Amino acid sequence: MMNWNQMPSDEGKTKSLLSFQANAAWLRANILNGSSHMLRGFAQVAFPPECSVCGSPVNQGTRICQTCLEKMVSIKTCCLRCGMPVPEVLPNEDCIRCRQHSLRFGRVIALGFYDGPLQQAVIKCKSRSYEGLRQALAEHLVVKLNSRLPDIQQHRPVLLPVPYHWSRAFTQAAPAAVSLARSLSRLTGWPVANATVRRIRRTNKQGMLSLAERRENVRGAFKATAPKRYLEGMF
């Protein structure tokens with residue numbers, strides 16, 4: 001008889017579920033990528049297509065169901081600078097979160113807010129088994145960028161994924177930011193500037209920190225590496 005203290009915690013159950021889903025996704029993807037038509041047919045029967053976020057049935061070739069997609073892609077009024085939601089009665093450029101701050105970027109455009117299905121998708125994207133999900137998110141992000149910035153191609157965009165610390169190469173985590181940037185590059189033709197910035201020290205997980213702690217956590221963690229010379233050679 002199992003002692004109640006030995007029962008797995010909710011966090012443990014969540015990790016076990018994500019691990020099972022990741023293994024199933026990896027197995028299905030590798031069988032479908034094989035050269036045998038028989039194996040691909042078997043995979044489609046044994047592993048019918050399902051939403052990579054919630055697991056509900058979807059059509060062949062679809063990664064994210066319509067229900068999850070509608071919850072992920074935000075249509076709320078957002079600040080034109082920091083991307084955070086603002087009341088509809090206020091102008092988009094008048095945000096109480098950033099109006100007093102001097103930001104070193106022009107604008108933030110996000111696919112949605114980090115909660116619900118999008119939060120689940122981002123967590124799964126950190127697993128190597130969810131390459132298809134990262135590609136699907138890239139496709140929807142391109143649609144969002146083109147809708148918010150119709151003339152974006154005129155600005156010659158460059159994709160700069162947030163780099164991992166070199167020690168992450170020894171873990172099971174996938175280089176999600178790099179993978180997402182490469183998917184965006186394949187869809188748009190925009191170059192990926194991997195070598196322009198590097199992370200010079202390890203940082204704690206941002207999700208466990210307050211806003212002030214997050215700022216301090218990444219302060220001085222990145223260093224530019226000859227960005228001008230590198231970018232000039234890309235065009």
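For the structure, see preceding data.
Values in this document were obtained by computation on a predicted structure and should not be read as measured data.

Our next topic: the packing of helix H5 (residues 131-148) against helix H6 (residues 176-188). Running from N to C, H5 and H6 point in directions that differ by 55°, and their axes come no closer than 9 Å. Between H5 and H6, the crossing angle belongs to the class labelled oblique. As for the relative orientation of H5 and H6, their crossing is right-handed in sense. In this structure, H5 uses Glu 131, Arg 134, Gln 135, Leu 137, Ala 138, Glu 139, Leu 141 and Val 142 to contact H6, whose residues at the interface are Ala 176, Ser 179, Leu 180, Ser 183, Leu 184, Arg 186, Leu 187 and Thr 188.

As a packed pair, helix H4 (residues 116-125) and H5 sit with axes 9 Å apart at the nearest point and diverge in direction by 130°. By the angle class used here, H4 and H5 are oblique. The way H4 lies across H5 gives a crossing that is left-handed. Contact residues: H4 offers Ala 121, Lys 124 and Cys 125, while H5 offers Leu 133, Arg 134 and Leu 137. For the contact of H4 with H5, a count of residues per class yields 4 nonpolar, no polar and 2 charged.

Attention shifts here to the pattern of salt bridges. According to the stated counting rule, one finds 3 salt bridges in the structure shown. Across the pair Glu 131 and Arg 186 runs a salt bridge whose closest N-O atoms are separated by 4.0 Å. Note that Glu 131 is positioned in helix H5 and Arg 186 in helix H6, a separation of 55 residues in sequence. Linking Glu 216 and Arg 219 is a salt bridge whose minimum nitrogen-to-oxygen distance equals 3.1 Å. Relative accessible area serves as the criterion here: at 53%, Arg 219 is assigned to the exposed category. What emerges from the salt-bridge pattern is a single network uniting Glu 131, Arg 134 and Arg 186.

It is worth spelling out H4 at this point. Considered for burial, the residues of H4 that qualify are Pro 117, Leu 118, Ala 121, Lys 124 and Cys 125. Each buried residue of H4 lies within a common arc of 125° when the element is viewed along its axis, so the set occupies one face.

Let us look at the state of the cysteines. As used here, a disulfide is simply a covalent bond connecting the sulfur atoms of two cysteines. Per the counting criterion, the structure on display carries 0 disulfides. Counting only cysteine sulfurs, Cys 98 is the nearest neighbor of Cys 79, a cysteine outside any disulfide, at a range of 3.6 Å. Cys 95 takes part in no disulfide bond, and the closest cysteine sulfur to it belongs to Cys 82, at a distance of 3.8 Å.

Rules used throughout
- Residues numbered from 1 in each chain as written.
- Predicted model: local features only at pLDDT ≥ 70, side-chain atom pairs only at ≥ 80, totals over all residues.
- Heavy atoms only, no water.
- Axes fitted to C-alpha atoms, helices over the stretch in contact; angles between N-to-C directions.
- Helix = DSSP H or I, 4+ residues; strand = E, 2+ residues; numbered from the N terminus.
- Parallel < 35°, antiparallel > 145°, perpendicular 65-115°, else oblique.
- Left-handed = near helix turned anticlockwise from the far one by under 90°.
- Contact = heavy atoms within 4.5 Å.
- Nonpolar A, V, L, I, M, F, W, Y, C, P; charged D, E, K, R; others polar.
- Salt bridge = Lys/Arg side-chain N within 4 Å of Asp/Glu carboxyl O.
- Buried < 20%, exposed > 50% of the residue type's maximum accessible area, 1.4 Å probe, protein only.
- Arc of directions from axis to C-beta.
- Disulfide = S-S within 2.5 Å.

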